[in-house]
Amino acid sequence: YQVQRFGVNRLEATTECSKDGYFYWADGFDRYWKAFVDGVPVNVTRANKNFKAIALPDGTHSVQFFYRPVPFLVGLVIFYLVFFSGLLGGRFRWG
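Quick look at the structure, then. Keep in mind the model is a prediction, meaning the values are calculated, not measured. (Residues numbered from 1 in each chain as written. Predicted model: local features only at pLDDT ≥ 70, side-chain atom pairs only at ≥ 80, totals over all residues. Heavy atoms only, no water.)

For strand E3 (residues 21–25) and strand E7 (residues 51–56), the ladder comprises 5 bridges, and the chain directions are antiparallel. Residue pairing for E7: Tyr24 is matched across the bridge by Ala53. With 3 bridges joining them, strand E6 (residues 45–47) and E7 adopt antiparallel strand pairing. When the bridges of E7 are listed, Arg46 appears paired with Lys52. Joining the antiparallel neighbours E6 and E7 is a turn of 3 residues, in which Asn48 adopts a positive phi near 50 degrees. (Pairing = 2+ DSSP bridges. Helix = DSSP H or I, 4+ residues; strand = E, 2+ residues; numbered from the N terminus.)

Taken as a whole and assessed by the stated rule, the structure comprises 11 aromatic pairs. Considering the side-chain rings of Trp33 and Phe65, the 6.5 Å spacing of their centres and the 80 degrees angle between planes classify their relative orientation as edge-to-face. Separated by 32 residues along the polypeptide, Trp33 in strand E4 (residues 33–37) and Phe65 in strand E8 (residues 59–67) bring together distant segments of the chain. Taking relative accessible area as the criterion, Trp33 reaches 7% and is therefore assigned buried. Each member of the aromatic cluster is reached from another via a ring pair, and the members are Tyr1, Phe6, Phe23, Trp25, Trp33, Phe65 and Tyr67. (Phe/Tyr/Trp six-rings, centres within 6.5 Å; stacked < 30°, edge-to-face > 60°. Buried < 20%, exposed > 50% of the residue type's maximum accessible area, 1.4 Å probe, protein only.)

And the structure:
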């Protein structure tokens, strides 16, 4: 495989397989990791208890992993809503 992009919450690579197999990434597994092979969503499975892998058919493929921690993003939105409503509430007197 050849890594095209790498970051804290993403990996993009090009792979070439002579037969069906797995793409194994020795990075912590979490259910909020999403993976795509040639733009098609695939299941991310737990490998070796704490890492992740996806099934790959033979041939050349584009692989992408993205981390989308939904609870964190929801919490962040709630935090900013409360924060900015507190700023606005402090500037105006209600009554």
